[in-house]
Amino acid sequence: MAQNANAIRVGMVLDHQNKLWRVMKTQHTMPGKGGAFIQMELRDVRTGTKLNERFRSSEAIETVELDKKDYQYLYGDSDTVTIMDINSYEQETINRDLIGDQAAYLQEGMNIIVESFEGSPIGVELPETVILEIADTGAVVKGQTAVAGYKPAILSNGVRTSVPPFVATGDKIIVKTIDGSYVERAK
């Protein structure tokens, strides 16, 4: 389905140069001379290669409709992930590379969405946030909480993040799966 370049958003999948590309970043630019254009950072959904492309604002770009299906994460190893269809209870194994860096946030029983195109999976959507325990962080120094700032911490899944000074080892926190940033303490 062709759409105006102005309607393209981050996360959409495009059919460009006979390949499927996921839009990673967009930047709208209006130069002093000439027409407006959109600079897009695209990533090939199959190979992972990146491409920076410039489109005129009025240009028609072919977008792809993806099939989305709900699954539950069961378990995984270093190369593959086993998931279960929530409706039919059928188990499938997919390549861990489809999830990318977000694979570190997978937890048993987590509901995920698998995006597929023409029957083959091309991407996975995780929940926006997860609850994780702080495995290690520096000790709190008296009076340090009065200063706005963050300290390094290692989460139970091995990912490094920054947390406020009042967060201690053993605390459970809410973390964004997209970038691993701290949101708040878990209640």
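See the structure printed just above.
Residues numbered from 1 in each chain as written. Predicted model: local features only at pLDDT ≥ 70, side-chain atom pairs only at ≥ 80, totals over all residues. Heavy atoms only, no water.

**Quick word on the sheet that holds strand β11 (residues 120-125)**
Part 1: On the basis of which strands lie adjacent, the open sheet formed by 5 strands has the order β9-β8-β7-β10-β11 and antiparallel pairing. Either end of the sheet is taken by a strand with one partner, and the two such strands are β9 (91-95) and β11. The mean inter-strand angle of the sheet, taken between neighbouring strand axes irrespective of direction, is 45°.
Part 2: As paired elements, strand β7 (residues 67-76) and strand β8 (residues 80-85) share 5 bridges and run antiparallel to each other. Within β8, the position partnered with Tyr73 by the bridge is Ile83. (Pairing = 2+ DSSP bridges. Helix = DSSP H or I, 4+ residues; strand = E, 2+ residues; numbered from the N terminus. Axes fitted to C-alpha atoms, helices over the stretch in contact; angles between N-to-C directions.)

**Quick look at the pattern of salt bridges**
Part 1: Tallying each qualifying case throughout the model produces 8 salt bridges.
Part 2: Residues Asp85 and Lys69 are paired through a salt bridge, measuring 2.9 Å at the closest nitrogen-oxygen approach. Separated by 16 residues along the polypeptide, Asp85 in strand β8 and Lys69 in strand β7 bring together distant segments of the chain.
Part 3: Note that Arg185 is salt-bridged to Asp171, the shortest N-O span being 3.7 Å. With a gap of 14 residues between them, Arg185 in strand β16 (residues 182-185) and Asp171 in the loop between β14 (160-163) and β15 (172-176) connect regions that are remote in the sequence.
Part 4: Beyond isolated ion pairs, a larger network of salt bridges with shared partners links Arg22, Lys68, Glu115 and Glu125. (Salt bridge = Lys/Arg side-chain N within 4 Å of Asp/Glu carboxyl O.)

**Considerations on the pairing of strand β5 (residues 50-56)**
Part 1: For strand β4 (residues 37-44) and β5, the ladder comprises 7 bridges, and the chain directions are antiparallel. Across the sheet, residue Met40 finds its bridge partner in β5, namely Glu53.
Part 2: Here β4 hands over to β5 after 5 residues, with Gly48 in that stretch at a positive phi of 85°.

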